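Okay, here's what each chain looks like letter by letter:
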Amino acid sequence: MSVIEFRNVSVVFPASRKTPEVTALQSIELALEPSDFVVVIGRSGCGKTTLLNLLAGFMSPTSGSVLMDGSPVEGPGVDRGVVFQKNALMPWLDVFHNVALGLKFQKVPSAQRAQRVRQCLDWVGLAAFADHRVYELSGGMRQRVGIARALAADPKILLMDEPLGALDALTRESVQELILDLWRKSGKLVLFITHSIEEALFMGTKLVVMTPRPGRIHKIYDLDFCHRFLKERDSRAIKSDPAFIAMREEVLEIIHPKQEALS
Amino acid sequence: MNGQPVKDPLNRHFAPRTTIAISLITTLSLLALWWLATTQGWVKPLFLPSPNQVLGKTGDLITEGFADSTLWQHTWASLFRVFSAFALACLTAVPIGILMGIHDLAKGVLDPVIEFYRPLPPLAYLPLIIIWLGIGETAKIVLIFLAVFAPICLSTRAGVRAVAREKILAAATLGASRVQIIRYIVLPGALPEILTGMRVGIGFGWTTLVAAEMVAATAGLGFMVLNAKDFLATDVVITGIFVIGFIAYGFDLLMRGLERWLVPWKGQD
């Protein structure tokens, strides 16, 4: 059975004084299986973040329904962890207490809490930074704190909204690999939003390509490059593989058709 | 460029030490000018007594006092008024500001009230407060309280609004209840602006002190200054001004230290 189902979901933002009515999502049908790594890609305005917001419970659809384990999503919940692009860590807390936040809210006893936090920090390679202030960390480290914090609450699925968008290329690749390792280790369903085609192809088992105005799913691909990486651990070989490059051109053509790029 | 760093386009290149030196030189120059103007007879002592005379008078005020109270008693009376009003304002303005920041109804109800009275000069509504509350201690503290309340309340509200949406959503996905979000996310997130509001607020408190002590006070720095004016005791007036200035400045430094200690992350997020 699918963990997540979008059934004929549409989201329409009503017109305001300054902007006309916008159809952010139109007739979305999507089913996600346990342990999928689903990457959603598309140009800005294609509704990919709206898709994630629906699943996170930050907003509700105008029509249709979003189901998790068969029941409609109603508001945010600990079964769906979210990693944001920025601004989501608490600068008044050190790394340890940021990661412990969810366990604290759920009143997990402190001994158990500490053990769990150490484990999650270890997973993201930040065990030595537990007592650092988050604003002292680099962008890549901050995102790893965000990932550890989401994992600490042990959600059923992990939602990532362009988590690597603000990172430099080298840091970005290392965090990509970290996320894949964590995904394999935890076996959680991941929904990952990005606007980088390479990142999308490299990481996903399922690629959802969206097009804007109105936001629609254009095509869904099944991918295998991430499994190959987890076996061979050679990202450069994968990214220069002719199959990878051909795929990249195909997706690029959907997102950025050549004649349109000229106009 | 000879290996020199490029100059800041706004020329903000003074080291802190340089700034302190400049401030010190300014202060000393003004004191020297004061001393020169009075000893050379450029200004009559009635209008501006010499530094020596003021210093001597300060000594007299400490030992003998003025208008039946020593300088300490005047200072204590004013400190008590300003800080009771400040404490009362902190206890009320922070919760109300938070409420206004998270609740549109509270904002809608309270916004016009606060925005209306905030720019009014305290002297304008002092008569009303006297009619309502009499001429006792309560009226004085309430007048100062009103002046302190608005800036703390409004900056708390602004601080709450400035907490990034992502932080609140993140807390919600981590299972935080409404109360937990306010206690653990909104309150610390708004703390930098709350502290700024307190610093601005206490400044307004000192500004309002003299107005508060205009009516039926028997002690207080504001009262002392006003009373001294009636006797043309310019040296007492100047001493009073200096004491108020030093206390207000000292407290401002204290609050800045508190900010550095409590919110070292300010502006770093």
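Here the structure is a predicted model, which is why all the values come from computation and not from measurement.

1. A few points about the overall build of chain A
Step number 1: Secondary structure summary: chain A contains eleven helices and ten strands in total.
Step number 2: Scaling as 2.2 N^0.38, a compact globule of 263 residues should have a C-alpha radius of gyration of about 18 Å, and chain A matches this with 19 Å.
Step number 3: Oriented by its inertia axes, the alpha-carbon framework of chain A measures out at about 55 × 45 × 40 Å.
Step number 4: Buried residues in chain A amount to 40% of all 263 residues.
Step number 5: Long-range contacts, defined here as pairs at least 24 residues apart, represent 69% of the contacts in chain A between residues at least 6 apart.

2. Quick notes on helix 10 (residues 234-262) of chain B
All names here are of chain B.
Step number 1: Taking 1.5 Å per residue as the helical rise, helix 10 with its 29 residues ought to reach 42 Å, and the 42 Å between its terminal C-alpha atoms agrees with that figure.
Step number 2: Of all the residues in helix 10, the buried ones are Asp-235, Val-236, Val-237, Ile-238, Thr-239, Gly-240 and Ile-244.
Step number 3: Looking at the packing, one finds that the buried side of helix 10 touches helix 2 (51-63), helix 8 (178-212) and helix 9 (221-230).

3. A short note on helix 2 of chain B
Residues and elements named next belong to chain B.
Step number 1: For helix 2, built from 13 residues, the straight-helix expectation of 18 Å at 1.5 Å per residue is met to within 8% by its first-to-last C-alpha distance of 19 Å.
Step number 2: Val-54, Lys-57 and Leu-61 are the residues of helix 2 that are buried. Along helix 2, the residues classed as buried sweep out an arc of 60° about the axis, all on the same side. Helix 2 presents Asn-52, Leu-55, Gly-59 and Thr-63 as exposed residues on the side facing more than 90 degrees away from its buried surface.
Step number 3: Looking at the packing, one finds that the buried side of helix 2 touches helix 3 (71-102) and helix 10.
Step number 4: Downstream of helix 2 by a residue or two, Gly-65 has a phi angle that is positive, lying close to 90°.

4. A short note on the UniProt feature "domain: ABC transporter" (unreviewed entry) in chain A
Step number 1: UniProt feature "domain: ABC transporter" (unreviewed entry): in the numbering of this structure it lies at residues 4-233 of chain A.
Step number 2: For the annotated span residues 4-233 of chain A, helix accounts for 35% and strand for 27% of the residues, and the straight-line distance between the end C-alpha atoms is 30 Å.

5. Looking at the UniProt feature "transmembrane region" (unreviewed entry) in chain B
Residue and element names in this part refer to chain B.
Step number 1: As annotated in UniProt, the feature "transmembrane region" (unreviewed entry) corresponds to residues 20-37, 79-103, 123-156, 206-225 and 232-251 in the numbering used here.
Step number 2: Helix and strand shares over residues 123-156 are 91% and 0% respectively, and the end C-alpha atoms of the span are 26 Å apart.
Step number 3: From the first C-alpha to the last, residues 206-225 spans 14 Å; its make-up is 60% helix and 0% strand.

6. Concerning the sheet that holds strand 1 (residues 4-13) of chain A
Residues and elements named next belong to chain A.
Step number 1: Taking strand neighbours across the sheet as the criterion, the four strands line up as 2-1-4-5 in an open arrangement whose pairing is antiparallel. Strands with a single pairing partner mark the edges of an open sheet, and in this sheet they are strand 2 (22-32) and strand 5 (71-72).
Step number 2: In terms of strand pairing, strand 1 meets strand 4 (residues 63-68) through five bridges, oriented antiparallel. Across the sheet, Arg-7 pairs through a bridge with Ser-65, a residue of strand 4.

7. Quick word on the sheet that holds strand 6 (residues 80-83) of chain A
All names here are of chain A.
Step number 1: On the basis of which strands lie adjacent, the open sheet formed by six strands has the order 6-7-8-3-9-10 and mixed pairing. Each end of this open sheet is capped by a strand with a single partner; those strands are strand 6 and strand 10 (216-222). The average angle at which neighbouring strand axes cross in this sheet is 20°, direction not considered.

8. Considering the domain arrangement of chain A
Residues and elements named next belong to chain A.
Step number 1: For chain A, the assigned domains are domain 1 (4-79 + 158-262) and domain 2 (86-154).
Step number 2: Tallying the contact residues gives twelve residues for domain 1 and 14 residues for domain 2.
Step number 3: Ranked by the residues each element gives to the side of domain 1 that touches domain 2, the list is headed by helix 6 (residues 169-186), at six residues.

9. Here we look at the pairing of strand 9 (residues 206-211) of chain A
All names here are of chain A.
Step number 1: Inspection of the sheet shows strand 3 (residues 37-41) paired to strand 9 by four bridges, in the parallel sense. Its bridge partner lying in strand 9, Ile-41 is registered against Val-209.
Step number 2: Pairing analysis gives six bridges linking strand 9 to strand 10, with the strands arranged antiparallel. Of the residues in strand 10, the one forming a bridge with Val-208 is Ile-220.
Step number 3: In textbook terms, the turn of a hairpin is the stretch between consecutive antiparallel strands, and for strand 9 and strand 10 this stretch comprises four residues, one of which, Arg-213, has a positive phi near 50°.

10. A few points about the UniProt feature "domain: ABC transmembrane type-1" (unreviewed entry) in chain B
Step number 1: Mapped onto the present numbering, the UniProt feature "domain: ABC transmembrane type-1" (unreviewed entry) falls at residues 75-255 of chain B.
Step number 2: Spanning residues 75-255 of chain B, this segment combines 86% helix with 0% strand, and its end C-alpha atoms are found 20 Å apart.

11. Quick word on the packing of helix 6 (residues 137-162) of chain B against helix 8 of chain B
Residues and elements named next belong to chain B.
Step number 1: Packing of helix 6 against helix 8 leaves a shortest axis separation of 7 Å and a crossing angle of 155°. When the interaxial angle is binned, helix 6 and helix 8 end up roughly antiparallel. In the packing of helix 6 onto helix 8, the handedness of the crossing is right-handed.
Step number 2: Partitioning the contact of helix 6 with helix 8 into residue classes produces 21 nonpolar, nine polar and two charged.

Procedures and definitions
- Residues numbered from 1 in each chain as written.
- Chains lettered and ligands numbered in written order.
- Predicted model: local features only at pLDDT ≥ 70, side-chain atom pairs only at ≥ 80, totals over all residues.
- Helix = DSSP H or I, 4+ residues; strand = E, 2+ residues; numbered from the N terminus.
- Rg over C-alpha atoms; globule rule 2.2 N^0.38 Å.
- Buried ≥ 20, exposed ≤ 12 C-beta atoms within 10 Å, placed from the backbone.
- Contact = placed C-beta atoms within 7 Å.
- Expected span 1.5 Å × (residues − 1).
- Arc of directions from axis to C-beta.
- UniProt positions renumbered as here; feature names shortened; annotations may be inferred.
- Pairing = 2+ DSSP bridges.
- Axes fitted to C-alpha atoms, helices over the stretch in contact; angles between N-to-C directions.
- Domains from an automatic or database assignment.
- Parallel < 35°, antiparallel > 145°, perpendicular 65-115°, else oblique.
- Left-handed = near helix turned anticlockwise from the far one by under 90°.
- Nonpolar A, V, L, I, M, F, W, Y, C, P; charged D, E, K, R; others polar.

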